[in-house]
Amino acid sequence: LSEYIAEHATWPPWDAPEMIRYPNGVNYSTGASLGYWLEAITIKLTGQSRISSLLLFIVLIATIGLLATRNPVAGLIGVVAISPQVLFIFGYVNSDVWSVMCAFFFGIAAAYFARNPLRSAAILFFFATAGACVTCRQHVWPIAFLAFCFVLIPQLKTIWTQNRKA
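A brief look at the structure comes next. Remember, it's a predicted structure, so these values are computed and weren't measured experimentally.

### Brief notes about the packing of helix 2 (residues 34–46) against helix 3 (residues 51–70)
Item 1. One way to put it is that helix 2 packs onto helix 3 with a least axis distance of 8 Å and a crossing angle of 110°. One finds that helix 2 runs roughly perpendicular with respect to helix 3. Between helix 2 and helix 3, the residues in contact are Gly-35, Leu-38, Glu-39, Thr-42 and Thr-46 and Ile-51, Ser-52, Ser-53, Leu-55 and Leu-56, respectively.
Item 2. Tallied by class, the residues present in the contact of helix 2 with helix 3 amount to four nonpolar, five polar and one charged.

Following this line, the structure appears as structure tokens:
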């Protein structure tokens, strides 16, 4: 899929001959994952495949390391990201890699927004990562929506109450 995008600079149609995997199916997820586009860009730049998953894994590990320096408990929880299943997922190009990254950063953004609901950076990070979740596989959408509501609604209620008192 990523090779098709790198070659044609477009999402392939369902009936593209390059996408036929089985006599009655295609070989990519129905989710419009930006992970495939990231892989297409790295294929164009490096000529190698599977580089985007490696780069995203490095970002994940670096972020966990940064979190661990700020909060050892957060770093300890982040060690889960080094589980065999996550290592396996990052071993190939798939929409799962993008979903893991979006969910990971959305969780960080939700915690940051919950602590700092009036900071512009927290609001922007929270909404940007929630938007990124929409580009994931469809099973991430309800999880992101519920988390979004769980974090946003109490903050809006607090802001509303404070503004009414003022």
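### A look at the packing of aromatic side chains
Item 1. Under the counting rule described, the total for this entry stands at five aromatic pairs.
Item 2. When the ring of Phe-113 is compared with that of Phe-126, the centres are 4.7 Å apart and the planes differ by 5°; the resulting orientation is stacked. Taken together, the residues span a long stretch of sequence, with Phe-113 in helix 6 (residues 95–115) and Phe-126 in helix 7 (residues 120–134) at a distance of 13 residues.
Item 3. Classification of Phe-126 as buried rests on a relative accessible area of 0%.

### Quick notes on helix 2
Item 1. Compared with an ideal rise of 1.5 Å per residue, which puts 13 residues at 18 Å, helix 2 spans 18 Å between its outermost C-alpha atoms and is within 8% of the ideal.
Item 2. Where helix 2 is concerned, the buried positions are Gly-35, Tyr-36, Glu-39, Ala-40, Thr-42 and Ile-43. For helix 2, the angular spread of the buried residues around the axis is 165°, confining them to a single face. Among the exposed residues of helix 2, those oriented more than 90 degrees off its buried face are Lys-44 and Leu-45.
Item 3. Of the residues trailing helix 2, Gly-47 is marked for its positive phi of about 80°.

Conventions we followed
- Residues numbered from 1 in each chain as written.
- Predicted model: local features only at pLDDT ≥ 70, side-chain atom pairs only at ≥ 80, totals over all residues.
- Heavy atoms only, no water.
- Axes fitted to C-alpha atoms, helices over the stretch in contact; angles between N-to-C directions.
- Helix = DSSP H or I, 4+ residues; strand = E, 2+ residues; numbered from the N terminus.
- Parallel < 35°, antiparallel > 145°, perpendicular 65-115°, else oblique.
- Contact = heavy atoms within 4.5 Å.
- Nonpolar A, V, L, I, M, F, W, Y, C, P; charged D, E, K, R; others polar.
- Phe/Tyr/Trp six-rings, centres within 6.5 Å; stacked < 30°, edge-to-face > 60°.
- Buried < 20%, exposed > 50% of the residue type's maximum accessible area, 1.4 Å probe, protein only.
- Expected span 1.5 Å × (residues − 1).
- Arc of directions from axis to C-beta.

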